[in-house]
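Below, each chain spelled out in residue letters.
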Amino acid sequence: MLKHILSNTRKPDSSLSGSIILWSMNKGHEKLARWGLSKYDLSNKKFILDAGCGGGKNISNLLSITQNACVYGIDYSSASVKKSTEFNKKEIKEGRVKIFQADVSDLFFENESFDAVTAFETIYFWPSLCENFKEIYRILQKGGVFLVCNEISSEKDAEKWKKYIDMSVYTKSMIADFMKTAGFSDINIHSQPKNGWICVTGIKN
Ligand SMILES: C[S@@+](CC[C@H](N)C(=O)[O-])C[C@H]1O[C@@H](n2cnc3c(N)ncnc32)[C@H](O)[C@@H]1O
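The name that an unreviewed UniProt entry assigns to the protein is Class I SAM-dependent methyltransferase, with the source organism given as Methanomicrobium antiquum.

Focus: the overall build of the protein
Secondary structure assignment for the protein yields nine helices and seven strands. Since a compact globule built from 205 residues should have a radius of gyration of about 17 Å, the 16 Å found for the protein is in line with a globular shape. In terms of its C-alpha atoms, the protein occupies a principal-axis envelope of roughly 45 × 40 × 30 Å. Of the contacts made within the protein by residues no fewer than 6 positions apart, 69% connect residues no fewer than 24 positions apart. As presented, the protein carries roughly 9,800 Å² of accessible surface, and 52% of it is formed by carbon and sulfur atoms. Mean positive and mean negative side-chain charge positions of the protein (28 and 23 charges, respectively) differ by 5 Å.

Notes on the pattern of salt bridges
If you walk through the whole model with that rule in mind, you get nine salt bridges. Here Glu-131 makes a salt bridge to Lys-134, at a shortest N to O gap of 3.7 Å. With Glu-131 and Lys-134 both in helix H7 (residues 129–139), this residue pair falls three residues apart, about one helical turn. Of the charged contacts, one joins Asp-177 and Lys-180 as a salt bridge, the two residues approaching to 3.8 Å between their closest N and O atoms. One end of the pair is Asp-177 and the other is Lys-180, both in helix H9 (residues 172–182) and three residues apart, which spans about a single turn. Connected through salt bridges with shared partners, the residues Glu-30, Arg-34 and Lys-57 form a single ionic network.

Let's talk about the site of the ligand
Close to the ligand lie 23 residues, the nearest being His-29, Gly-52, Asp-75, Phe-120 and Thr-122. Gly-52 is positioned with one of its backbone polar atoms (N or O) 2.7 Å from a nitrogen atom of the ligand.

Conventions adopted
Residues numbered from 1 in each chain as written. Predicted model: local features only at pLDDT ≥ 70, side-chain atom pairs only at ≥ 80, totals over all residues. Heavy atoms only, no water. Helix = DSSP H or I, 4+ residues; strand = E, 2+ residues; numbered from the N terminus. Rg over C-alpha atoms; globule rule 2.2 N^0.38 Å. Contact = heavy atoms within 4.5 Å. Areas by Shrake-Rupley, 256 points an atom, 1.4 Å probe, with all protein chains shown as cover. Lys, Arg positive; Asp, Glu negative; His and termini not counted. Charge placed at Lys NZ, Arg CZ, Asp CG, Glu CD. Salt bridge = Lys/Arg side-chain N within 4 Å of Asp/Glu carboxyl O. Near = heavy atom within 4 Å. Polar contact = N/O pair within 3.5 Å; in protein donor to acceptor, adjacent residues only side chain to side chain.

Structure follows, in structure tokens:
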């Protein structure tokens, strides 16, 4: 039962388990996301994409720390897109938020569409990190930042979670290496050892 519920973290579906996971991700990832967002100043960014937006809470977090940004969200799960859309209904009406169903491996955005891309608790499920990071690089403007934030970042944690969830766990240095290979520079690594949280940022120069 627990395994069935947690398997929805990979791609939430329209079942009760999917709804529970989407609701709990919005609640449970809040502290981690706020910590990650404190590691890079996004306040002046104008076009931000939250990749793998889940229940949509991080979209509203991004709106709250920026002035006039337009925040986009994408997720390959229709249930995530539905929940994110409901969660940000007012801001979508105001034209400040746009949410689409899309896979990170095949983004329809034009080159250099965004000045920031964020990815919270999602790269565990991306199909090919090197290729997917290159796709993020493509859609970023020069000077744009890619911010990755995860709470599971060690082999020890991986052992615990992989019993329940089909996922790939990356250390902070693995993420930094994938960013470098994709073309990013000025890479900064942050960690919070108490919780195992990590945040890695890279710039498209
Ligand atoms: C654990 S949830 C995290 C959601 C949200 N970012 C948060 O921090 O609460 C992972 C999300 O990434 C999405 N996802 C996983 N692989 C994806 C892919 N290849 N393309 C787009 N979205 C993806 C899942 O559908 C799910 O909504």
